[in-house]
Each structure stands twice: as structure tokens, then as C-alpha cells.
Amino acid sequence: MTKERVDQKPPWPIALALSVTRGDFSASESTTTPRYLGVWYTQSPDVVPWVANKQNCFLSSWNSSDDPSEGEFTFGFDVSTLPQLVVKSGSKVRWRSGPWNGYLFTGMPEVRSNLLFNFTYFSNDEEVYLKANPTSSKIARLVLTPEGNLRWYMWTGTWTENIGGQTDACDYYGTCGTFGLCENDNSPLCSCVNGFVPRDQQQWDLGNGTTGCIRKSQLNCYNDGFEKLAKVKVPDTLKYWSNSSINLEQCRQLCLKNCSCTAYTNLDVTGQGSGCLQWFIDLIDIRSFPESGQDIFVRLARSDIEVTDNRNTNTKLWIIVGVSLSVAVLIIGVVVFVWRNKCIKNGESLAYSVAFILL
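Thresholds, definitions, all that
- Residues numbered from 1 in each chain as written.
- Predicted model: local features only at pLDDT ≥ 70, side-chain atom pairs only at ≥ 80, totals over all residues.
- Heavy atoms only, no water.
- Phe/Tyr/Trp six-rings, centres within 6.5 Å; stacked < 30°, edge-to-face > 60°.
- Buried < 20%, exposed > 50% of the residue type's maximum accessible area, 1.4 Å probe, protein only.
- Helix = DSSP H or I, 4+ residues; strand = E, 2+ residues; numbered from the N terminus.
- Arc of directions from axis to C-beta.
- Contact = heavy atoms within 4.5 Å.
- Polar contact = N/O pair within 3.5 Å; in protein donor to acceptor, adjacent residues only side chain to side chain.
- pLDDT = per-residue confidence, 0-100.
- Salt bridge = Lys/Arg side-chain N within 4 Å of Asp/Glu carboxyl O.
- Pairing = 2+ DSSP bridges.
- Axes fitted to C-alpha atoms, helices over the stretch in contact; angles between N-to-C directions.
- Disulfide = S-S within 2.5 Å.
- Core = buried A, V, L, I, M, F, W, Y, C linked by side-chain atoms within 4.5 Å.

Visitor: Which residues make up the packing of aromatic side chains, and what are the values?
Guide: For the coordinates displayed, the defined rule picks out nine aromatic pairs. An aromatic cluster of at least three residues, connected via ring pairs, comprises Phe77, Trp100, Phe105 and Tyr121.

Structure (C-alpha cells):
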């Protein structure tokens, strides 16, 4: 990478622990490679965080590591849904953060486990933003790679990777299709939400879950019910309704009365939870987050809920039977032990005494 310094003033107001230099540069040593106006860190001249030909409304990837012209991928807020961060290839979503639930973006648990930033989210009818407040004096930068992956880097004398956006196969949009659940620790990755079966069993058996799932039973509107899907990244809000002033039970009742409502959850999960978020479309891009996911309630036909309830009841029954037998055996063992010691002490026949106990 070759550069020619112009001055040390960046093209926008900025305060950094690292000084910056503005000038023209080439991303490779070749004399035929185009030159661009950009800004780079003086202490780290191989990193160019701003290029003049970039649009400012979103972050764009480079075309390649040595070509800073606009690449295939962009990153920014999508406000056509409930506001969320997205990486897109053209108009196609590659990855999404999920909406903010008062605590975190449901698809970015690493935001809360990251100790280097305190994140602040703000949204109203006119603007939406996410502010990363550093907890130390360390400098960070966010990179969208030419391959479409998000990476955070920290300056510690050199740039070290801290957290990333996409970390596994379940992070990619719609891996398991509609009404499919992606679980990264499972093999295969995809399974259908309770009450659903694979749309294309042959593709499913081949490991292609993108065809998604369909209902086992048709809905009957007012006789339907809901089943909890626990600890997940909430589905994409392509068609939704939200209200911040009602509680979860009120949300459930409204969803039940609307035959088009496919699922509901709290809008905000802080404290005891509040607000209402409802879906009015097939649910897509659901993945499991056992430690930090959010509970949603999926509409099912009553018959499918009863099957699930019976299965859960049978499981609980076997657990109760197993525990009861274990306790009974333990009690008998203690009684036999006490009588044995008593018999030995008194010189009585052990076999006769045990038989007496069991009778």
C-alpha cells in the first residue's frame, strides 16, 4: 500500500487517541492501481478507515483487500422492519442482529458479554442509532470485510480482533427457512418448531434446511393456542405490530383474536418484561441462544398443542415414577440396615427379621 500525505486534518470532526493523516493512497504497490483520497491512522498506516468514494449513510465493504472501491456488501440499520442492524448483498439480507429488546439485539449476545463497550440504543420516528461507549481509553474500529463479515478490532499497539458479527452457520439469514429452528450445537443444524414438519423431506435429509417447515395441522383461528419457543433470536419482523404500553397477557389476547397473528412476545424484556410485539407472516431466521435468547409464543392448532402437552405430561410422569421408586428403595434400604444392626446386636436371626420387615 502506497500513500502520499496531504495533511493531518480529517474530513470530519474527530477525537482519537491515535492521530490521523489525510492523503491519497493506492491499495497495492502496482503503478496501475487507482489512487484514492482517504484517511489513515498515523501509527497504523496500513489501516484506512475512511475513503472519499464511500457513501456516508452506511458502511460498505471494499471490493477486495487491495481494492477500496465499493464492494458487494453493506452494513447499517434496516428501518423497513422493527429497527435492526443488517448486512446485505445488494437487497438480499445476509445477516441481521434482530431487534433491540431493551437489553440487547436478540441476535448479538456478544454485545452484552463484551466488557470493552457499554452500548446505548435509541430509536424514534425520525432517527435510530447505536452508540458504543468505550469502558477504557482503547481505540476500536468496525470492519466489514470483502467477504461480508463484521469484525471489531481493538488498538493495543497492534490491531487485535475483539468480537465479530457472524460467528457460525446459524448466523446466516434463513439457514433453516420458515418455521425452522437453527441450533449450532446440533447435527443436523435445523429442526422444525413444534407443530411443524419439513416442507421438503428429501432436501431436509440432505442437510438443506432452507426449504423450511409447514404446519402439521391447519389453524382454526379462535380455537388455536400458543406454545412457548424458549431462548431464541426472534424471527425477522417483515410484517409486525408493536405496542409499548400493554403487558404480555394483553398481547396474547390480542394475538388470539386476530387470525393473522402468528406469534407474539414482549417488546422489552428488562425487569418483568413489558410491551407487545406480534408477527403477521411466516416466521423466518430463528436460532437458538440458550444463554441469552428471548421467549416467543408461536400460534398452533389446538390439536398440535395437545400432542405436545401429552408428550410433556408423559415425560413428567416417568420422572415422577422414577423418583418415587428411587425414594422407596432408599427407605427400604435404610430400614433393612437399621434392623440388621439391631438383629446383630440382639443375636437374632437376620433372615427371619428381614422377612418380617418385608411382610
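Still more to cover.
Visitor: I'd like a rundown of helix α3 (residues 248-257), residues and numbers included.
Guide: All buried positions along α3 are accounted for by Cys251, Cys255 and Leu256. Seen from one end, α3 has its buried residues packed into an arc of 130 degrees, which puts them on one side. Its buried side turned inward, α3 meets β18 (225-233), β20 (263-265), β21 (276-279) and β23 (294-300). Among the residues of α3, the N-terminal cap falls to Asn247, whose side-chain oxygen and the backbone nitrogen of Glu249 are separated by 3.2 Å.

Visitor: Kindly report on the confidence of the model for the protein, identifying the contributing residues and their values.
Guide: When the pLDDT values of the protein are averaged, the result is 77; 67% of them are 70 or greater. Segment residues 1-18: pLDDT under 50, and 54 contacts once partners within four positions in sequence are set aside and those in other chains are kept. With pLDDT under 50 throughout, residues 309-323 is counted as low confidence; its partners more than four residues away or in other chains account for one contact.

Visitor: Which residues make up the pattern of salt bridges, and what are the values?
Guide: It is possible for side chains bearing opposite charge to pair when their charged atoms get close. Throughout the structure, instances matching the rule amount to seven salt bridges. A salt bridge links Asp171 to Arg287, with the nearest nitrogen and oxygen atoms 3.1 Å apart. Taken together, the residues span a long stretch of sequence, with Asp171 in the loop between β13 (159-164) and β14 (180-182) and Arg287 in strand β22 (residues 286-288) at a distance of 116 residues. Here the two residues Asp171 and Arg287 agree in accessibility, since each one is buried. Linked by salt bridges that have partners in common, Arg96, Lys233 and Asp285 make up one network.

Visitor: Provide a residue-level description of the sheet that holds β23, including the pertinent values.
Guide: Spatially, eight strands are ordered β15-β14-β22-β18-β23-β20-β21-β19 in an open sheet, and the strand pairing comes out mixed. The outermost strands of the open sheet, each flanked by one partner alone, are β15 (190-192) and β19 (240-243). Going across the sheet, the axis of each strand differs from the next one's by a mean of 30 degrees, ignoring polarity. Pairing geometry for β18 and β22, over two bridges, is antiparallel. The residue bridging Lys233 from the neighbouring strand is Arg287, located in β22. Along the sheet face, α3 touches β18, β19, β20, β21 and β23 and points at about 165 degrees away from the line of β20.

Visitor: Account for the pairing of strand β8 (residues 92-96), naming residues and giving values.
Guide: Sheet topology places strand β7 (residues 84-89) next to β8; four bridges connect them, and they run antiparallel. Considered in β8, the bridge of Ser89 is made with Lys92.

Visitor: Go over the state of the cysteines, please, and point to the residues and values.
Guide: Within this structure, the stated rule accounts for six disulfides. In this model, Cys176 is linked to Cys190 through a disulfide, with the two sulfur atoms separated by 2.0 Å. The S-S bond linking Cys176 to Cys190 shows a torsion near -85 degrees; that makes this disulfide left-handed. Taken as a pair, Cys176 in the loop between β13 and β14 and Cys190 in strand β15 lie far apart in primary sequence, 14 residues in all. Shown here is the disulfide that connects Cys251 with Cys276, its sulfur atoms set 2.1 Å apart.

Visitor: Summarise the nonpolar core; cite the residues concerned and give the values.
Guide: General note: in soluble globular proteins, nonpolar side chains tend to be found buried as a group. Counting 24 residues, the largest nonpolar core has Phe196, Leu229, Trp279, Leu283, Ile286 and Ile296 as the members making the most contacts within it. Of all elements in the fold, only β14, β15, β18, β21 and β23 reach the threshold of two or more residues within this core. Broken down by element, the residue count for this core peaks at three residues, all from β23. Once residues lying within four places of it in the same chain are set aside, the contact partners of Leu283 are Gly177, Thr178, Phe179, Pro235, Thr262, Ala263, Ile296 and Val298. Grouped together as the second largest cluster of nonpolar side chains are 11 residues, Phe75, Phe105, Met108 and Leu150 included.

Visitor: Please provide a residue-by-residue account of unusual backbone geometry, values included.
Guide: In this model, Ser187 is joined to Pro188 through a cis peptide bond whose omega is 0 degrees. Relative to the helices and strands, Pro188 resides in the loop between β14 and β15. The phi dihedral of Asp285 is positive, around 65 degrees, even though this residue is not glycine. Along the chain, the position of Asp285 falls in the loop between β21 and β22.

Visitor: Residue-level account of the sheet that holds strand β5 (residues 59-64), with values.
Guide: Reading across from one edge, β5-β6-β7-β8 is the order of the four strands in this open sheet, with antiparallel pairing throughout. Among the strands making up the open sheet, the edge pair consists of β5 and β8. Geometrically, the sheet is characterised by an average inter-axis angle of 35 degrees between neighbouring strands, direction not taken into account. Relative to β7, strand β6 (residues 67-78) is paired through six bridges, and the arrangement is antiparallel. Its bridge partner being in β7, Asp78 is matched across the sheet by Gln84.

Visitor: Kindly report on the pairing of strand β10 (residues 128-134), identifying the contributing residues and their values.
Guide: Two strands pair when backbone bridges link them, and strand β9 (residues 117-123) and β10 are joined in this way by seven bridges, in the antiparallel orientation. Along β10, the bridge assignment pairs Asn118 with Asn133. A loop of four residues connects β9 with β10, the two strands running antiparallel in sequence.

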